[in-house]
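Coordinate inspection notes
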Amino acid sequence: MEIPSPVVLDRTGADIHAEAALIRERGPVARVELPGGVLAWSIVGLEEARQAMADVRFSKDPRRHWTAFANGEIGADFPLIGWAMMDNMTTAYGADHSRLRRLTAKAFTPRRVEAMRSKVEAIAADLLAELAAVPAGEVVDLKARFAHPLPSRVICDLFGVPAEERAALMRGGELNVDTTLTPEEAAANLEQWGRLMAEFVESKRREPGDDLTSDLIAAQEEDGSRLTPSEMVGTLFLLLATGTEPVMNLVTNAVATLLAHPEQRKLVQSGQAAWTDVIEETLRVEAPVAHLPFRFPVEDIEIGGVTIPRGEPVLIGFAGIGRDPAVHGDTAATFDVTRANKEHLSFGHGVYRCIGVPLARLEMELGLSALFERFPDITLAVEPEELEPQGTFIMNGRLTLPVRLTGPGA
Ligand code: HEM
């Protein structure tokens, strides 16, 4: 059978949904081309993705299982090199993955997260009080003023990041998902982010606090759970960035979508639909993580009618998966909070499934409900189609979210 030509992924992420549809035309598992001309596979079918993520023959360790990387064919000039060089549970396999995951997963159990509720409420209330001081009718960027600081303050507080270091450490994570960067810019970011994070770890080693970074450092001393210095930095990269970016995107996407669909908004504000419905439907239609690098089959694997050869990179296309017509039919792309089946895999599946689900759900539910309670008349300050995408194919978000909270136009 002839393999269709690969879909060249758009580095600017101008229309990730159109791109996912283009991939799907070639099949639920299809060839794509990454920046730098590197060929990969993308899985956009829900069942196929579930199968792949549940299959322990898919590794995420590029050093051991990406043939071209191990052979030295993928160099520093590969724009996504940060995703291969990252040293944490997302680039580990088997026992290494379990060891790295175990150390942090226990901090995010539903019970531990429930204990954070009042803290998250207080942060949301502070941010909303700051927004209430904005003169009526003035346009504010809700992403910069609410959707970003809500999860970033929560995660930075948890990890004991001092106020003056937060902006730079957050910026490193933001740039790491920016697929428009040149290889030089990506490498420079990784170098700078790594240096700042190592300095932060050193400061916590000198002066431990009541925070998760200090707990991780203490765990370094324990038998069987030793973290190398590079794993320590890599784990903090991962937790600070994933603790912020996808929640920020979900809140931004949910608000943007509701404000663009008055009839859906009415259902929620009148109590006919719940915030959990909005969250699930947004996770499905506007998956915050759009296209996640990388998995590598440790042997040839047949899936979705194709054979993915051992050692080739695979991306999971979450943005496409939630809109799979094989599961959701002709209305798959329609945002409908009343839909009975809101099935998606936007938190992943299997051994690498997101450890932040309880925290993410808490932040999203508290954040969205508090926002609409405080500002029930909030409106978009631009036409929905004028909202610009984030500028990446890895994440699905908006560059900014201009709104009017109260007053004329709201
Ligand atoms: C709406 C919010 C979120 C979404 C959509 C999301 C999505 C995801 C996805 C798709 C994966 C799986 C990757 C894979 O299968 O390869 C993942 C993994 C992960 N997430 Fe989240 N995430 C969210 C929030 C969070 C938060 C708040 C945290 C922080 C506490 C977090 C921490 C992690 C970690 C540590 C992993 C790696 C798990 C592993 O490799 O074993 N996430 N997330």
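Relevant structure appears above.
Being a predicted model, the structure only gives us computed values, none of them experimental.

**Considering the overall build of the protein chain**
The helix and strand tally for the protein chain stands at 20 helices and 11 strands. Here the C-alpha radius of gyration of the protein chain, 21 Å, is about what a compact globule of 410 residues would show, namely 22 Å. A principal-axis box enclosing the C-alpha atoms of the protein chain has dimensions of 60 × 60 × 40 Å. By sequence separation, contacts in the protein chain at least 24 residues apart represent 72% of the contacts at least 6 residues apart. Looking at the protein chain as shown, the accessible area adds up to about 17200 Å², and 53% of this sits on carbon and sulfur atoms. A distance of 4 Å separates the average location of the 40 positive side-chain charges in the protein chain from that of its 60 negative side-chain charges.

**Overview of the coordination of the iron atom of the ligand**
Within the protein, just one atom coordinates the iron atom of the ligand: Cys354 (SG), at a distance of 2.3 Å. Following the sequence through the fold, Cys354 ends up in the loop between helix 19 (325-328) and helix 20 (357-374).

**Quick look at the sheet that holds strand 5 (residues 139-141)**
The three strands are arranged 5-11-10 in an open sheet whose pairing can be described as antiparallel. Lying at the two open borders of the sheet, with one neighbouring strand each, are strand 5 and strand 10 (379-380). Pairing analysis gives three bridges linking strand 5 to strand 11 (residues 402-404), with the strands arranged antiparallel. The partner of Val140 across the bridge, within strand 11, is Val403.

**Thoughts on the sheet that holds strand 4 (residues 58-59)**
With mixed pairing, six strands are arranged side by side in an open sheet as 1-2-3-9-6-4. Lying at the two open borders of the sheet, with one neighbouring strand each, are strand 1 (7-8) and strand 4. Here strand 3 (residues 38-43) runs beside strand 9 (residues 314-316); their pairing, made up of three bridges, is parallel. Across the sheet, the residue bridging to Trp41 is Val314, located in strand 9.

**Focus: the site of the ligand**
In the region of the ligand, 28 residues are neighbours, and Lys60, His97, Arg101, Arg295 and Cys354 sit closest. Between the ligand and Lys60, the relevant distance is 2.4 Å, taken from an oxygen atom to a side-chain nitrogen or oxygen of the residue. For the ligand, an oxygen atom lies 2.7 Å from a polar atom in the side chain of His97. Elements that contribute at least two residues to the shell around the ligand include exactly helix 6 (94-105), helix 14 (229-242), helix 15 (245-260), strand 6 (292-297) and helix 20. When residues of the shell around the ligand are assigned to their parent elements, the largest contribution, three residues, is made by helix 14. Class assignment for the residues of the shell around the ligand results in 17 nonpolar, seven polar and four charged.

**Focus on the environment of Asp324**
Along the chain, Asp324 falls in the loop between helix 18 (318-321) and helix 19. In the structure, Asp324 is positioned 20 residues away from His344 in sequence and 9.1 Å away in space, judged by C-alpha atoms. Those residues within four positions of Asp324 in sequence are excluded, and the remaining contacts are Arg24, Val44, Gly45, Leu46, Gly329 and Ala332. Here the side chain of Asp324 touches Leu46 through a polar contact of 2.9 Å, landing on its backbone nitrogen.

**Description of a positive patch on the surface**
Judged by side-chain charge, Arg102, Lys106, Arg111 and Arg112 come together as a positively charged surface patch. Within the secondary structure, Arg111 is located in helix 7 (residues 110-114).

**Brief notes about the packing of helix 12 (residues 183-206) against helix 14**
With their axes 9 Å apart at the nearest point, helix 12 and helix 14 run at an angle of 100° to one another. Between helix 12 and helix 14, the angle falls in the class roughly perpendicular. Of helix 14, the residues touching helix 12 (which contributes Leu190, Trp193, Gly194, Met197, Ala198, Phe200 and Val201) are Met232, Val233, Leu236, Phe237, Leu240 and Ala241. Class assignment for the residues of the contact of helix 12 with helix 14 results in 12 nonpolar, one polar and no charged.

**Remarks on the nonpolar core**
Formed by 84 residues in total, the largest nonpolar core has its most connected members in Phe108, Leu142, Phe159, Val255 and Ile378. Other than its neighbours up to four places away in sequence, Phe159 contacts Phe108, Phe200, Lys204, Asp211, Leu212, Thr213, Leu216, Leu236, Leu239 and Leu240. Core analysis: the second largest hydrophobic core is formed by 45 residues, Val29, Val44, Ala49 and Ala84 among them.

**Some remarks on the pattern of salt bridges**
Under the criterion given, the structure shown has 25 salt bridges. Notably, a salt bridge pairs Arg99 with Asp96, separated by 3.3 Å at the nearest N-O pair. Separated by three residues within a single helix, Arg99 and Asp96 lie in helix 6, roughly one turn from each other. Each of the salt bridges in this network shares a partner with another, and the network as a whole consists of Asp61, Arg63, Arg64 and Asp87.

**Observations concerning the packing of aromatic side chains**
Overall, the coordinates contain eight aromatic pairs when judged by the stated rule. Taking the centre distance of 5.8 Å and the plane angle of 15° together, the rings of Trp66 and Phe69 count as stacked. Across this residue pair, the class does not change: Trp66 and Phe69 are buried. Judged by centre distance (6.1 Å) and plane angle (35°), the rings of Phe294 and Phe296 are tilted. Since its relative accessible area comes to 3%, Phe294 is described here as buried. Joined through ring pairs, the aromatic side chains of Trp66, Phe69, Phe78, Phe294 and Phe296 make up one cluster. Between the NZ or CZ atom of Lys60 and the centre of the ring of Tyr352, over which it lies, the distance is 5.0 Å.

**Describing unusual backbone geometry**
Each neighbour pair has its own omega, and for Pro293 with Phe294 the value is -20°, a cis peptide bond. Topologically, Phe294 is positioned in strand 6.

Conventions adopted
- Residues numbered from 1 in each chain as written.
- Predicted model: local features only at pLDDT ≥ 70, side-chain atom pairs only at ≥ 80, totals over all residues.
- Heavy atoms only, no water.
- Helix = DSSP H or I, 4+ residues; strand = E, 2+ residues; numbered from the N terminus.
- Rg over C-alpha atoms; globule rule 2.2 N^0.38 Å.
- Contact = heavy atoms within 4.5 Å.
- Areas by Shrake-Rupley, 256 points an atom, 1.4 Å probe, with all protein chains shown as cover.
- Lys, Arg positive; Asp, Glu negative; His and termini not counted.
- Charge placed at Lys NZ, Arg CZ, Asp CG, Glu CD.
- Donors = N, O, S within 2.8 Å, 3.2 Å for Na, K, Ca; no water.
- Pairing = 2+ DSSP bridges.
- Near = heavy atom within 4 Å.
- Polar contact = N/O pair within 3.5 Å; in protein donor to acceptor, adjacent residues only side chain to side chain.
- Nonpolar A, V, L, I, M, F, W, Y, C, P; charged D, E, K, R; others polar.
- Patch = residues over 30% accessible without salt bridge, like charges linked within 9 Å, V, L, I, M, F, W, Y side chains within 5 Å.
- Salt bridge = Lys/Arg side-chain N within 4 Å of Asp/Glu carboxyl O.
- Axes fitted to C-alpha atoms, helices over the stretch in contact; angles between N-to-C directions.
- Parallel < 35°, antiparallel > 145°, perpendicular 65-115°, else oblique.
- Core = buried A, V, L, I, M, F, W, Y, C linked by side-chain atoms within 4.5 Å.
- Buried < 20%, exposed > 50% of the residue type's maximum accessible area, 1.4 Å probe, protein only.
- Phe/Tyr/Trp six-rings, centres within 6.5 Å; stacked < 30°, edge-to-face > 60°.
- Lys NZ or Arg CZ within 6 Å of the ring centre and 35° of its normal.

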